[in-house]
Amino acid sequence: MGARRMTREEALKLAGGYATNTLTPEERAALFQAALEDQAIFDALQKEQGLRELLDDAASRAIILDAIQESPP
């Protein structure tokens, strides 16, 4: 029995997790499969790619964390 297909709404909710690299391997695989089948999901992942690259860079991540910590509540 195959896995249940992810809805567009479910996939788009996971796109942020893709950017922050917080998805499980199963979620990531399901998201990529959904992106292959739905152009809107593919486009959403493409839009998140820049943020993912920024957060993957240690120097950029440190700057962001510093800025967050300096922000008033």
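Anything mentioned here points back to the structure above.
Keep in mind that this is a model prediction, so the values were computed, not measured.

Caption draft 1: Summary view of the overall build of the protein. When its secondary structure is counted, the protein shows four helices and zero strands. When the helices and strands of the protein are read in sequence order from the N terminus, they spell out α-α-α-α. In terms of C-alpha radius of gyration, the protein reaches 15 Å, well past the compact-globule figure of 11 Å for 73 residues. Principal axes of the C-alpha set define a box for the protein whose edges measure 50 × 25 × 20 Å. Taking all 73 residues of the protein together, 23% fall into the buried category. Pairs at least 24 residues apart make up 47% of the contacts formed inside the protein by residues separated by at least 6 positions. Accessible area for the protein stands at about 5500 Å²; split by element, carbon and sulfur atoms hold 57% of it. Charge-centre separation for the protein: the mean point of 8 positive side chains lies 6 Å from the mean point of 13 negative side chains.

Caption draft 2: View of the packing of aromatic side chains. Throughout the structure, instances matching the rule amount to one aromatic pair. An angle of 75 degrees between the planes, with centres 5.8 Å apart, marks the rings of Y18 and F32 as edge-to-face. With Y18 in helix α1 (residues 8-19) and F32 in helix α2 (residues 25-37), the pair connects residues that are 14 residues apart, well separated along the chain. We classify Y18 as buried; its relative accessible area is 10%. In this structure, R52 packs its charged tip against the face of Y18, placed 4.5 Å from the ring centre.

Caption draft 3: Layout of the pattern of salt bridges. The final tally for this structure, using the stated rule, is two salt bridges. A salt bridge links E37 to R5, with the nearest nitrogen and oxygen atoms 3.0 Å apart. Taken as a pair, E37 in helix α2 and R5 in the segment before α1 lie far apart in primary sequence, 32 residues in all. By relative accessible area, which is 61% here, R5 ends up exposed.

Criteria and thresholds
Residues numbered from 1 in each chain as written. Predicted model: local features only at pLDDT ≥ 70, side-chain atom pairs only at ≥ 80, totals over all residues. Heavy atoms only, no water. Helix = DSSP H or I, 4+ residues; strand = E, 2+ residues; numbered from the N terminus. Rg over C-alpha atoms; globule rule 2.2 N^0.38 Å. Buried < 20%, exposed > 50% of the residue type's maximum accessible area, 1.4 Å probe, protein only. Contact = heavy atoms within 4.5 Å. Areas by Shrake-Rupley, 256 points an atom, 1.4 Å probe, with all protein chains shown as cover. Lys, Arg positive; Asp, Glu negative; His and termini not counted. Charge placed at Lys NZ, Arg CZ, Asp CG, Glu CD. Phe/Tyr/Trp six-rings, centres within 6.5 Å; stacked < 30°, edge-to-face > 60°. Lys NZ or Arg CZ within 6 Å of the ring centre and 35° of its normal. Salt bridge = Lys/Arg side-chain N within 4 Å of Asp/Glu carboxyl O.

Function cannot be read off these values alone, since they describe shape.
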